[in-house]
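# Results of the structural survey
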Amino acid sequence: MAAPSSAALPCPEPGAAPYGNFPNYSRFHPPEARVSLLPGGLLRRLFPAAARPLLGLDVGCNSGELSVALYRHLLGLQDKSSLDQPAAGKDLHLLCCDIDAALIERARQSSPFPASISFANLDIMDSASREPFLSSYLGRFGRSTFDIGFCMSVTMWIHLHHGDSGLREFLAFLSSLCEYLLIEPQPWKCYRAAARRLRKLGRNDFDHFRSLAINGDMAERITQILTKDCAMELVCCFGSTSWDRSLLLFKSNGSNQEGREPSAS
């Protein structure tokens, strides 16, 4: 199932956002609770020899609060009053995308780092839109892939709307596009809660929910897909948030990116 035009997404009712586009998401899942799990100096450890600017992709960025928090944390800019040059010895350009145009506009208006963080309204599952857009962005830096990708509490929404095959295609696409991939998968209980919220509002259930064969321990299932089918290896689990979501870091073994342009094929 293809997602509707992002410009036509309705404003979610309280407690329901069928694409994860909650208008006040950071209020009940604070960005600080996630970034605090990541060690300081992570970019230096992952890219010790990189002399060029690093490129990051944040998929499903909502209104940008977590994107900005990640940027600050990764570059050692935890002091929110400081807009000085990064203290972590790395230059990072972060492209953040979301299916909801209103959330993206909020992110653009409130971003403290407009020169380094770009926000784009994009349906990542629409290959006709994503591939020319991402190729154009990467081309500005003479690149065909990103150094690091972020997928924070997004996999469930891809899975519910596009099924098992859509989840596999999404993970394969990200693994072909990013050297490192930081993923925060939603556990299976979140799938049930999302479906229950829709039913309480009298809406139709998610098209694929009852037919998903990929279920159960979603962190483990996603790890299996990335390591067995996508030529990535699990580098580290940074622990879990207080709402029971693991932060998993994967690294490409190189074969899934060599000579590849940013496409899902």
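As shown above, the structure is provided for reference.
### Focus: the overall build of the chain
For the chain, the count of helices and strands is 9 helices and 7 strands. Counting across all 265 residues of the chain, residues that qualify as buried make up 54%. Long-range pairs, those at least 24 residues apart, make up 72% of the contacts in the chain with a sequence separation of at least 6. When the accessible surface of the chain is totalled, it reaches about 11,500 Å², and 50% of it is carbon and sulfur.

### Some points on the environment of Phe 206
Structurally, the position occupied by Phe 206 is in the loop between α8 (188-200) and α9 (218-229). Setting aside residues up to four positions removed in sequence, Phe 206 forms contacts with Pro 18, Trp 157, Leu 160, His 161, Ala 194, Ala 195 and Leu 198.

### Notes on the packing of helix α7 (residues 155-177) against α8
When two helices pack together, their arrangement is given by the angle between their axes and by how far apart the axes lie. For the pair α7 and α8, the least separation of the axes is 11 Å and the interaxial angle reads 60 degrees. By the angle between their axes, α7 is oblique relative to α8. For the crossing formed where α7 meets α8, the hand is right-handed. Note on element contacts: α8 touches α7 through Cys 190, Tyr 191, Ala 194 and Arg 197, opposite Thr 155, Met 156, Trp 157, His 159 and Leu 160. Grouping the constituent residues of the contact of α7 with α8 by class yields 6 nonpolar, 2 polar and 1 charged.

### What to know about the pairing of strand β2 (residues 92-98)
β2 sits mainly inside the fold: 7 of its 7 residues count as buried. Residues Leu 92, Leu 94, Cys 96 and Asp 98 point to one face of β2 and His 93, Leu 95 and Cys 97 to the other, with burial holding for every one of them. The pairing of strand β1 (residues 54-59) with β2 spans 6 bridges and is classified as parallel. Within β2, the residue paired with Asp 58 across the bridge is Cys 96. With 5 bridges connecting them, β2 and strand β3 (residues 117-121) associate as parallel partners. Considered in β3, the bridge of Cys 97 is made with Ala 120. With respect to chirality, the unit in which β2 leads through helix α5 (residues 101-110) into the neighbouring parallel β3 is right-handed.

Cut-offs used in this document
- Residues numbered from 1 in each chain as written.
- Predicted model: local features only at pLDDT ≥ 70, side-chain atom pairs only at ≥ 80, totals over all residues.
- Heavy atoms only, no water.
- Helix = DSSP H or I, 4+ residues; strand = E, 2+ residues; numbered from the N terminus.
- Buried < 20%, exposed > 50% of the residue type's maximum accessible area, 1.4 Å probe, protein only.
- Contact = heavy atoms within 4.5 Å.
- Areas by Shrake-Rupley, 256 points an atom, 1.4 Å probe, with all protein chains shown as cover.
- Axes fitted to C-alpha atoms, helices over the stretch in contact; angles between N-to-C directions.
- Parallel < 35°, antiparallel > 145°, perpendicular 65-115°, else oblique.
- Left-handed = near helix turned anticlockwise from the far one by under 90°.
- Nonpolar A, V, L, I, M, F, W, Y, C, P; charged D, E, K, R; others polar.
- Pairing = 2+ DSSP bridges.
- Right-handed = clockwise from strand over helix to strand, strands pointing away.

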